[in-house]
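Reading the structure
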Amino acid sequence: MVNRLEKLSLLSEMIAFAQHDKDIQNIEYNFLLGVAKQLGISREDFDYLIEYPINYTHLKSHSERIVQFHRLVLLMNIEQEHSDIENNKSVAKLYNFGLRMGLSHESITKVLYLMDSFPNKIVPPDVLIDIFKTQYN
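Attention here is on the structure that accompanies the text. Along each chain, residue indices are assigned from 1 in the same order as the chain's sequence is written. Under the rules for a predicted model, residues below a pLDDT of 70 receive no local features and side-chain atom pairs below 80 are neither given nor counted, while totals for whole chains, interfaces and linings still include all residues. Excluded from the side-chain calculations are hydrogens and water; all other atoms, namely the structure's heavy atoms, are used.

Here we look at the overall build of the protein chain
Defined as follows: Each helix corresponds to a stretch of at least 4 residues labelled H or I by DSSP, and each strand to a stretch of at least 2 residues labelled E; elements are numbered beginning at the N terminus. Accessibility here uses a 1.4 Å probe with only protein chains present; expressed as a share of the type maximum, an area under 20% marks a residue as buried, one over 50% as exposed, and anything in between as partly exposed. Residue exposure ignores everything except the shown protein chains as possible cover, and the areas themselves are Shrake-Rupley values with a 1.4 Å probe.
Helix and strand counts for the protein chain stand at seven helices and zero strands. With 137 residues in all, the protein chain has 42% of them scored as buried. For the protein chain, the exposed surface amounts to about 7700 Å²; the carbon and sulfur share of it is 52%.

Next up, the structure:
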């Protein structure tokens with residue numbers, strides 16, 4: 001598992017993703033708070049990250065990067081009231097986050113393409129893992 005600094009970095013990255021075009025919505029905040037709890041980060045530390053983000057720390061583990069990408073996909077699709085322009089910006093930002101994490105552009109593209117074929121645009125974890133496994137081999 002990742003260390004505390006990496007966990008804070010993951011949360012900070014997700015917060016930045018949620019804030020990229022507006023304030024964090026309640027549903028996004030609650031989702032992010034749930035991720036914080038899963039990572040063992042207190043609400044106080046989480047709220048601090050909203051005001052004072054920390055620098056990105058690259059995850060060493062490929063599987064942890066895939067999990068983080070999946071969290072970002074979930075976060076992007078948690079609020080269904082996106083306009084086409086806002087959705088395109090979110091997809092582009094998600095794509096760039098994936099590339100920065102060192103994930104293959106083929107895998108990222110395939111996930112983003114397949115997203116529309118699933119209910120609520122939520123790619124099941126096993127499908128996501130298979131996509132990245134195929135590209136990794």
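Having seen the structure, we can now continue with the description.
So, the nonpolar core
Just so we agree on the cut-off: As used here, the term nonpolar core means buried Ala, Val, Leu, Ile, Met, Phe, Trp, Tyr and Cys residues forming a set that is joined through side-chain atoms within 4.5 Å. By definition, residues are in contact when any of their heavy atoms lie within 4.5 Å.
Counting residues in hydrophobic clusters, the biggest one holds 38 residues, and the most contacted among them are L11, L32, F46, F69, L94 and V111. Going through the elements one at a time, α1 (4-19), α2 (26-39), α3 (43-51), α4 (62-77), α5 (84-100), α6 (105-114) and α7 (125-136) are the ones with two or more residues in this core. The greatest single-element share of this core, amounting to seven residues, is contributed by α1. With residues near it in sequence (within four places) discarded, F69 still touches L94, G98, M101, L103, I108, V111, L128 and F132.

Details of the environment of V2
Within the secondary structure layout, V2 lies in the segment before α1. Separated by 58 residues in the primary sequence, V2 and K60 place their C-alpha atoms 8.8 Å from one another.

What to know about the pattern of salt bridges
Quick reminder of the rule: For salt bridges, the criterion is a side-chain nitrogen of Lys or Arg within 4 Å of an Asp or Glu carboxyl oxygen.
In the structure shown here, the tally under the stated rule is four salt bridges. Ionic pairing is found between D47 and R43, a salt bridge with its closest N-O pair at 3.9 Å. Linking D47 with R43, this pair stays in helix α3, spanning four residues, or about one helical turn. You can call R43 partly exposed: its relative accessible area is 43%.

Details of the environment of I50
Positionally, I50 belongs in helix α3. Note: C-alpha distance between I50 and S12 (38 residues apart in sequence) is 7.2 Å.

Here's the deal with the packing of α1 against α4
Selection criterion: Comment: axis = line fitted to C-alpha atoms, over the contacting stretch for helices; angle = value between 0 and 180 degrees taken between N-to-C directions. Orientation categories follow fixed angle ranges, with anything under 35 degrees roughly parallel, anything over 145 roughly antiparallel, 65 to 115 roughly perpendicular, and all other angles oblique. Rotating anticlockwise by less than a right angle from the far helix to the near helix defines a left-handed crossing, while the corresponding clockwise rotation defines a right-handed one.
Direction vectors running N to C along α1 and α4 enclose 30°, while the axes themselves pass 10 Å from each other. Considered as vectors, α1 and α4 are oriented roughly parallel to each other. Crossing geometry of α1 relative to α4 is assigned as right-handed. Side by side, α1 and α4 meet where L10, E13, M14, F17 and A18 of the first sit next to Q68, R71, L72, L75 and M76 of the second.

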